[in-house]
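Structural features, examined
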Amino acid sequence: MNIAFSPCPNDTFVFHALAHGIIEGAPELNVTYADIYITNKWAAKGEGPEVLKISYAALPWVLDEYALLPCGGALGRGCGPLVLTKDGGAEPATLVGKRVAVPSDRSTAYLLFRLWAARNVGGELDVVVMPFHEIMPAVRDGKIDAGLVIHEARFTYPSYGLTLMQDLGSWWESDTGLPIPLGAIIAKRSLDLKSIAGWIRASVEYAWAHPEASQDYVMCHAQEMSPDVAKQHIELYVNEFTRDLGEDGYAAIRALLGRAADEGLVPRIEPEKLEWR
C-alpha cells in the first residue's frame, strides 16, 4: 500500500509499526515522506499515494475521491499555531496593511489566522506564503512584520528574539471549546477503509505501548531536531484524537470548516461526505 506522510516526529511515531511490518495482517507499506503542502496538492489533483496525510484545510477539495479516516491524524488542545512579531506588546490592529508570512494558504493554521484576523485585526493584510523554515528568521531580520508558525516553533521562537502576539489555539479553544483540527489521514474511497483504519489504530496503540521502538526511526527523519524537542512534539500532537476522532473531533472539524466556508475561504462540505462509518 502506498502512503505519504511528513517526516515530523508525530507522523513517524504513529506510523512506525505499520511501516516496519509489525502490524499483523497489514500490507507492506511503500512510504513517501513529503511536507503537507505537497500532499495537499497531490490530493487535490487525485495524484500520489492512495493514503495521504493532508491538512484539514485541504479536506473540502478532496472528499469526492478520498475519505477521511477516523484515526492517525492530529487534533489537539494547546497545540495551535502562533502569530509572532519582533516587537513585544503589539496589538492585532497594528497588523493592518502589514506583511504577514504564512507557511501555506491551504492549512489549518491559515484558516485559524484568517478567522482570528477577521474578528481582531479590522483591516486588510498583505499575506505572503513562505517556506516554514524561513519565517522566523524573516521576522527577526525585519523582512516581514509578523509570521504564522507551527509545530516545533512553539518551543524555539524565543531563541529568535520573537514575541508572541496570539496563540491561535488558545483563541480557538476559548471561542469554541473544541480541539484544533490540524492534520487528517485520507484514503481513496475505493479501498477497504475499515481495514486501513484498523491497521493505523493498531500502529498508534503499538507506538504508545512501545515508545522506545520508534526512537531511531523518529530521529532519523527529525530534521536535526533535538531528542527533547522531538519528544515534546510527539506528546503535543499524538493523543486520544489520534486513536479516534470521536464526537468532539468531528464537531471540531465541522466547526472549523463551517466557519471557513462562511468566510468564503473553503468550499462548503456536504455532511454525508465527512463521516463514512
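For the structure itself, consult the block above.
Right, let's walk through the structure included here.

What counts as what
Residues numbered from 1 in each chain as written. Predicted model: local features only at pLDDT ≥ 70, side-chain atom pairs only at ≥ 80, totals over all residues. Heavy atoms only, no water. Salt bridge = Lys/Arg side-chain N within 4 Å of Asp/Glu carboxyl O. Helix = DSSP H or I, 4+ residues; strand = E, 2+ residues; numbered from the N terminus. Buried < 20%, exposed > 50% of the residue type's maximum accessible area, 1.4 Å probe, protein only. Contact = heavy atoms within 4.5 Å. Polar contact = N/O pair within 3.5 Å; in protein donor to acceptor, adjacent residues only side chain to side chain. Phe/Tyr/Trp six-rings, centres within 6.5 Å; stacked < 30°, edge-to-face > 60°. Lys NZ or Arg CZ within 6 Å of the ring centre and 35° of its normal.

The subject of this paragraph is the pattern of salt bridges. Scanning the model with the defined rule gives 14 salt bridges in all. Of the charged contacts, one joins Arg99 and Asp126 as a salt bridge, the two residues approaching to 3.7 Å between their closest N and O atoms. A residue pair is termed long-range when its members are at least 10 positions apart, and Arg99 in strand E7 (residues 99-102) and Asp126 in strand E8 (residues 126-129) qualify at 27 residues. Sharing partners across several salt bridges, the network here consists of Asp64, Glu270 and Lys273.

Before going further, it helps to examine the environment of Asp11. With respect to the helices and strands, Asp11 occurs in helix H1 (residues 9-19). Residue classification places Asp11 among the buried residues on the basis of a relative accessible area of 1%. As a C-alpha pair, Asp11 and Trp172 span 161 residues in sequence and 24 Å in three-dimensional space. Ignoring sequence-local partners within four residues, the contact set of Asp11 consists of Phe5, Ser6 and Lys53. Here the side chain of Asp11 touches Lys53 through a polar contact of 2.6 Å, side chain to side chain.

In the structure shown here, the tally under the stated rule is four aromatic pairs. Seen from their ring centres, Phe5 and Phe15 are 4.6 Å apart, and the 10° between their planes marks the pair as stacked. Placement of the pair is Phe5 in strand E1 (residues 2-5) and Phe15 in helix H1, with a sequence separation of 10 residues. No difference in accessibility class separates Phe5 from Phe15, as the two residues are buried. One cation-aromatic arrangement involves Arg106 over Trp61; the distance from NZ or CZ to the ring centre is 3.7 Å.

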